[in-house]
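Descriptive analysis of the structure
Chain residues, written in single-letter form:
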Amino acid sequence: MDVVIEPADRLCVPHRKRLLPAYVVDDQGARELRIDYGDKAITFDDERFFAFGEQLIAAVSFTGAEALGWGPGYTWDELHPLLAALVAEGVLQRGEPGGDPRGSGVVASSVPPSVCPVPRAWSAAQCEAITRDLGDRAVEVGYLEAVVPAFRIAHPALDADDRQVGEANVFPARLRLDRPTEWRVCQYAGSRYRDDAPMNVTALRAMIKHWKPMMSAILAVRGELAARLGRGGGAWTIGELHILSSVVLALPAYQLLRGGGASPQVPLHPVLSSLFRITDGVRLTAYEMLFSIDRTRRADEPMTAAALFERAEQQGLLASPTGYAPGRAI
């Protein structure tokens, strides 16, 4: 059914904090205004409508008649199809913005119950039993990385806080344990703002608690990797960033498996588990940027934190299958 809007109708963006604007240059060198709203992307390639896009971001609510004055010589025949499309896509809604009935409090988990009866982790003692149970074929620990990448080995391991490194996204999922977890409506600006998927606040608090030693550990790993790569100063390239994040994720696995591992597993220090969670999203985004369909980046292309975050927002990479994971929440 076509959306019909009258000039006197009042419109608003339901969750304005989801709006993320950016001026970008397309492959032909033309300047565009891109506004991301959750998984929706609004692109203005006509400079006449840049003013409309800027006002759309700033206005709490407006009428169609008011929007006619946002730019040079807009007509209702021009604006009506644009406003109607934004309403149809849920970027705009009629009336004034209302409150979220969920508020900012605790919400239910979307994680299914665990099917793993006891804690299990990759070690020399357990590897063959786990792979036999999961895939009907025993794999000796020396071949573990043929089926589980190094940046996923630490996922099912427990830390000293009795929480798994992978939290609700443990891989393989059949090794996940149920742990008390506080899930809340996400209040961070951007695509995740008040999304239907909740945010893991329990793990987020642990990461904040260990933030300083985590950053010190990352600096130490970065310094050692830079020396081994023989790189000087300047921005890290996208390829180097992918290598760095993979090395950081492998650090907890090294701690677990050195000397053949142990059974029962020795709990990881929470700094290591939190370090893993904060870095996982960086590796995921860097990988996506290297092999994206719309634009495959060169491995030697310099990368900034702002560009990495922008890509994660645009591609919906801040979310995980179970909600907003701690490493993607800050």
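Located above this text is the structure these notes cover.
Note that the structure is a prediction, hence the values are computed from the model and not measured.

Definitions and cut-offs
Counting restarts for each chain: residues are numbered from 1 in the order of the written sequence. Confidence filtering applies because this is a predicted model: local features only for residues at pLDDT of at least 70, side-chain atom pairs given and counted only at 80 or more, and all residues used for totals across whole chains, interfaces and linings. Calculation of side-chain values draws on the structure's entire complement of heavy atoms; hydrogens and water are dropped beforehand. All axes here are fitted lines through C-alpha atoms, helices being fitted over the stretch that makes contact, and every angle between N-to-C directions spans 0 to 180 degrees. By the criteria applied, helices consist of DSSP H or I runs no shorter than four residues and strands consist of E runs no shorter than two, each listed in order from the N terminus. For classification, angles of less than 35 degrees are called roughly parallel, those exceeding 145 degrees roughly antiparallel, those between 65 and 115 degrees roughly perpendicular, and all remaining angles oblique. Crossing handedness is read from the near helix: turned anticlockwise from the far helix by less than a right angle, it gives a left-handed crossing, and turned clockwise, a right-handed one. Here a residue-residue contact requires only that any non-hydrogen atoms of the pair lie within 4.5 Å. Residue classes follow a fixed rule: Ala, Val, Leu, Ile, Met, Phe, Trp, Tyr, Cys and Pro count as nonpolar, while Asp, Glu, Lys and Arg count as charged, and any other residue, Gly among them, counts as polar. One fewer than the residue count of a helix, multiplied by 1.5 Å, yields its expected span. Residue exposure (1.4 Å probe, protein chains only): buried if accessible area is under 20% of the type maximum, exposed if over 50%, otherwise partly exposed. The criterion is simple. A nonpolar core is a set of buried Ala, Val, Leu, Ile, Met, Phe, Trp, Tyr and Cys residues joined through side-chain atoms within 4.5 Å. For two strands to pair, DSSP has to find at least two bridges joining them. Using a grid of 1 Å spacing that covers the protein atoms alone, one calls a set of points a cavity when a 1.4 Å probe fits there but cannot get out, and a pocket when the set is open and has protein on both sides within 12 Å along at least five of seven lines; lining residues are those with an atom within 4 Å of a point. Grid points are joined across faces, edges and corners, and a volume is the space filled by probe spheres set on the points. Salt bridges are defined by distance alone: a side-chain nitrogen of Lys or Arg within 4 Å of a carboxyl oxygen of Asp or Glu.

Focus on the packing of helix 5 (residues 201-209) against helix 8 (residues 270-290)
Relative to each other, helix 5 and helix 8 sit at 110°, their axes nearing to 9 Å. Classified by the interaxial angle, the pair formed by helix 5 and helix 8 is roughly perpendicular. When you trace helix 5 past helix 8, the crossing you get is left-handed. Contacts from A203, A206 and M207 of helix 5 reach helix 8 at S274, R277 and I278. Considered class by class, the residues forming the contact of helix 5 with helix 8 number 4 nonpolar, 1 polar and 1 charged.

So, helix 3 (residues 76-88)
If you check helix 3, its first and last C-alpha atoms are 18 Å apart, about what 13 residues at 1.5 Å a residue would give, namely 18 Å. Turning to helix 3, its buried residues number three or more, namely L79, L82, L83, A84, L86 and V87. Against strand 1 (10-12), strand 4 (40-44), helix 1 (50-58), strand 5 (62-63) and helix 2 (64-67) lie the buried residues of helix 3. Two residues or fewer after helix 3 comes G90, characterised by a positive phi angle close to 85°.

A word on the nonpolar core
Counting residues in hydrophobic clusters, the biggest one holds 26 residues, and the most contacted among them are F44, F52, F62 and L92. With 6 residues, the single largest contributor to this core is helix 3. Other than its neighbours up to four places away in sequence, L92 contacts L11, C12, V13, P14, L56, F62, L83, L86 and V87. Formed by 20 residues, the second largest nonpolar core is a distinct cluster that contains A157, V248, L249 and L256.

Digging into the sheet that holds strand 3 (residues 31-37)
The strand order 2-3-4 describes an open sheet built from 3 strands, whose pairing is antiparallel. The two strands at the open ends of the sheet, each matched to only one other strand, are strand 2 (19-25) and strand 4. In this sheet, neighbouring strand axes are inclined to one another by 25° on average, regardless of whether the strands run parallel or antiparallel. Sitting on the sheet, helix 1 touches strand 2, strand 3 and strand 4, and the angle it makes with strand 3 is about 25°.

Let's talk about the layout of surface pockets
As a volume, the second largest pocket reaches approximately 550 Å³. Ranked by residue count, the leading element in the lining of the second largest pocket is helix 9 (residues 305-314), at 4 residues. When grouped by side-chain class, the residues that make up the lining of the second largest pocket number 6 nonpolar, 3 polar and 10 charged.

A word on the pattern of salt bridges
Tallied over the full model, the rule gives 19 salt bridges. In this structure, the salt-bridge partner of E66 is R10, at a minimum N-O distance of 3.7 Å. Taken together, the positions of E66 in helix 2 and R10 in strand 1 put the pair 56 residues apart, joining distant regions of the chain. E66 gets classed as partly exposed once you look at its relative accessible area, which sits at 40%. By relative accessible area, which is 30% here, R10 ends up partly exposed. Here E167 makes a salt bridge to R163, at a shortest N to O gap of 2.8 Å. Residues joined in a network through salt bridges with shared partners are D159, R163, E167 and R277.

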